[in-house]
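Results of the structural survey
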Amino acid sequence: MKQRVPVTQIMSKDLVTLNPTQSLYDAEKLFNKHSIRHIPVVEGERIVGVISRSDLLRISFADLNENEETVDSVVYDMYTIPQVMTRVPVSVESDATVKEVAEMLAKQSFHSIPVVDNGKLVGIVTTTDLINYLLEQY
């Protein structure tokens, strides 16, 4: 396996983002439209959090017996993105290696890490990115 491969070689650079004033409806639309599971929440170019599809599922899981759209509507109207997102997430700089990121993700309960240089969000790396990278090695 290659040594010292920078995370920039496997991270997503074409980012879909939200800002804190958008709604959970906006988040769900972006998750569905782009078939993604993690969205950085930014103020300008500065990352303030990450919201995941799991975060939305967790808050809407409350009532499985109801009509799915009704539950989402009620729950999505009760919460804001800042209330649901993970605030100021762990991040790495673009010179971090794939190995370093893999070690971080293996030890934590989250599945994505924003890549930030000089306070600016430049990418995001996910467990799926890591798995695809490992598959390319074989």
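Let me begin by describing the structure that accompanies this report. Please read all numbers here as calculations on a predicted model, not as lab measurements.

**Thoughts on the overall build of the chain**
Within the chain, the secondary structure is distributed over 6 helices and 5 strands. When the elements of the chain are put in sequence order from the N terminus, they spell out α-β-β-α-α-α-β-α-β-β-α. Evaluated residue by residue, the chain yields a buried proportion of 38% over its 138 residues. Put simply, 56% of the contacts in the chain that link residues at least 6 apart link residues at least 24 apart.

**So, the nonpolar core**
In terms of nonpolar packing, the biggest core is built from 17 residues, with Leu18, Leu24, Ile51, Leu56 and Ile81 touching the most fellow members. It is helix α1 (residues 24-34) that contributes the most residues to this core, 4 residues altogether. Ignoring any residue separated from it by four or fewer positions in sequence, one finds Leu24 in contact with Ile51, Leu56, Ile59, Tyr76, Tyr79, Thr80, Ile81 and Val84.

**Some points on the packing of aromatic side chains**
Aromatic ring pairs are reported here in terms of the distance separating the ring centres and the angle at which the planes meet. Considering all chains together, one arrives at 1 aromatic pair under this definition. Consider the rings of Tyr25 and Tyr76, whose centres lie 5.4 Å apart with planes at 80°: the pair is edge-to-face. Of this pair, Tyr25 sits in helix α1 while Tyr76 sits in helix α3 (residues 68-78), and the two are 51 residues apart along the sequence.

**Here's the deal with the pattern of salt bridges**
Summed over the entire model, instances satisfying the criterion amount to 4 salt bridges. Residue Glu43 pairs with Arg46 through a salt bridge whose shortest N-O separation is 2.8 Å. For Glu43, a relative accessible area of 42% corresponds to the partly exposed category. Classification of Arg46 as partly exposed rests on a relative accessible area of 46%. In this structure, Lys99 engages Glu103 in a salt bridge whose closest nitrogen and oxygen atoms are separated by 2.7 Å. Highlighted residues: Lys99 and Glu103, both in helix α5 (residues 98-107), separated by 4 residues, approximately one helical turn. Overall, the relative accessible area of 54% leaves Lys99 in the exposed class.

**Some thoughts on a nonpolar patch on the surface**
Together, Val74, Met78 and Tyr79 line one region of the surface with nonpolar side chains, adding up to about 290 Å² of accessible area. Mapped onto the fold, Tyr79 is located in the loop between α3 and α4 (81-84).

Rules of the game
Residues numbered from 1 in each chain as written. Predicted model: local features only at pLDDT ≥ 70, side-chain atom pairs only at ≥ 80, totals over all residues. Heavy atoms only, no water. Helix = DSSP H or I, 4+ residues; strand = E, 2+ residues; numbered from the N terminus. Buried < 20%, exposed > 50% of the residue type's maximum accessible area, 1.4 Å probe, protein only. Contact = heavy atoms within 4.5 Å. Core = buried A, V, L, I, M, F, W, Y, C linked by side-chain atoms within 4.5 Å. Phe/Tyr/Trp six-rings, centres within 6.5 Å; stacked < 30°, edge-to-face > 60°. Salt bridge = Lys/Arg side-chain N within 4 Å of Asp/Glu carboxyl O. Patch = residues over 30% accessible without salt bridge, like charges linked within 9 Å, V, L, I, M, F, W, Y side chains within 5 Å. Areas by Shrake-Rupley, 256 points an atom, 1.4 Å probe, with all protein chains shown as cover.

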